Amino acid sequence: MGAHRVYMADRKVEIAMATASTSYAEDQRAELSQARDDARLNARTEEADRARRETATAQSATDAALASAAVAAKEADELQRQIDVLEAEATDRGLVLTLGDVLFATGRSDLTSGGTNTLDKLVVFLNNYPDRNVVIEGHTDDVGSHEMNQTLSQHRADSVKFYLVQQGIRHKRLAASGMGETQPITDNQSPSGRQQNRRVEVIINNPQSVVPAASTN
């Protein structure tokens, strides 16, 4: 009888231990399942957050590109407007502004009082675009000696340069050269042809160009 009670007690202990072990295992499985669910949720949340950040970054880059393009277009329009005001021609050398002999009296190199309107427009342009330098070339017809025409063309180029400096354009941005009669744009056989050849050309270099050494005459 006593042995039976001991046996029954042992059985109850074993049953209790088995029940406890089963319950513990179920608790562990539940915790592991919850941990997996939490990990999946966290991964999805992080992925969604990363996607939102990447979308925001891409949108910011797009907005910046659009804003930059708009600014560039506006600057290009303004540049073209000022080129039109100057009546300059775009060439491989840069913007070329041709000034006729109305700037000077016949045979002289000092600027006439009424001939500086175009030069004043050039001053405005150069102030707006300080990264652009200028080459000023004086040209003549073939009337007179080569030496006289060379000297006259140099003096005329220097006069234009001096006027621009007086208006506040830095000396280092300007170079003046006398070309004499060596580069006519038409023949010198008629008065109208000679008039076209008597000119000053202002070459506004593109920003990356370098101005040749300025004349000291």
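Look up a bit, the structure's there.
Residues numbered from 1 in each chain as written. Predicted model: local features only at pLDDT ≥ 70, side-chain atom pairs only at ≥ 80, totals over all residues. Heavy atoms only, no water.

**Q** So, the pattern of salt bridges: which residues are in play, and what are the values?
**A** Pairing between side chains of opposite charge can happen when their charged atoms approach one another. Evaluation of the coordinates by the stated rule reveals 5 salt bridges. Taking the shortest distance from any N to any O, the salt bridge between R52 and D49 comes out at 2.1 Å. Of this pair, R52 and D49 both sit in helix 1 (residues 2-86), 3 residues apart, roughly one helical turn. Using a relative accessible area of 26% as the deciding quantity, one classes D49 as partly exposed. Two residues, E78 and R81, come together in a salt bridge whose shortest N-O distance is 2.8 Å. Of this pair, E78 and R81 are both found in helix 1, 3 residues apart, which corresponds to roughly one turn of the helix. Overall, E78 belongs to the partly exposed group, its relative accessible area being 30%. (Salt bridge = Lys/Arg side-chain N within 4 Å of Asp/Glu carboxyl O. Helix = DSSP H or I, 4+ residues; strand = E, 2+ residues; numbered from the N terminus. Buried < 20%, exposed > 50% of the residue type's maximum accessible area, 1.4 Å probe, protein only.)

**Q** Any chance you could break down the sheet that holds strand 5 (residues 199-204) for me, citing the residues and the numbers?
**A** Within a sheet, adjacent strands bond to each other through the backbone by hydrogen bonds, running parallel or antiparallel. Within the open sheet, the 5 strands sit side by side as 1-2-5-3-4. Their pairing is mixed. Strand pairing shows two members of the sheet lacking a second neighbour, strand 1 (89-91) and strand 4 (174-178), which therefore form its edges. Between one strand and the next, the sheet's axes are offset by a mean angle of 25°, whatever the strand orientation. Examined bridge by bridge, strand 2 (residues 94-99) and strand 5 share 5 bridges and lie antiparallel to one another. Opposite V96, over in strand 5, you have I203 as the bridge partner. This element, helix 2 (residues 117-128), spans strand 2, strand 3 (134-139) and strand 5 of the sheet and lies at about 160° to strand 2. The sheet contacts of helix 3 (residues 146-166) involve strand 3, strand 4 and strand 5, and relative to strand 4 the element is tilted by about 160°. (Pairing = 2+ DSSP bridges. Axes fitted to C-alpha atoms, helices over the stretch in contact; angles between N-to-C directions. Contact = heavy atoms within 4.5 Å.)

**Q** Pulling in residues and values, what's your account of the pairing of strand 5?
**A** The buried fraction of strand 5 is high, at 6 of 6 residues. In strand 5, alternate side chains face the same way, and those of R199, E201 and I203 on one face and V200, V202 and I204 on the other are all buried. Looking at chain direction, strand 3 and strand 5 are connected through 6 bridges and run antiparallel. In the strand pairing of strand 5, I136 is matched with V202.

**Q** Please give an account of the pairing of strand 2 that cites residues and values.
**A** Consecutive residues of a regular strand have side chains that alternate between opposite faces of the sheet. Within strand 2, 5 of the 6 residues are buried, leaving the element largely enclosed by the surrounding structure. Adjacent in sequence and paired antiparallel, strand 1 and strand 2 are bridged by 2 residues.

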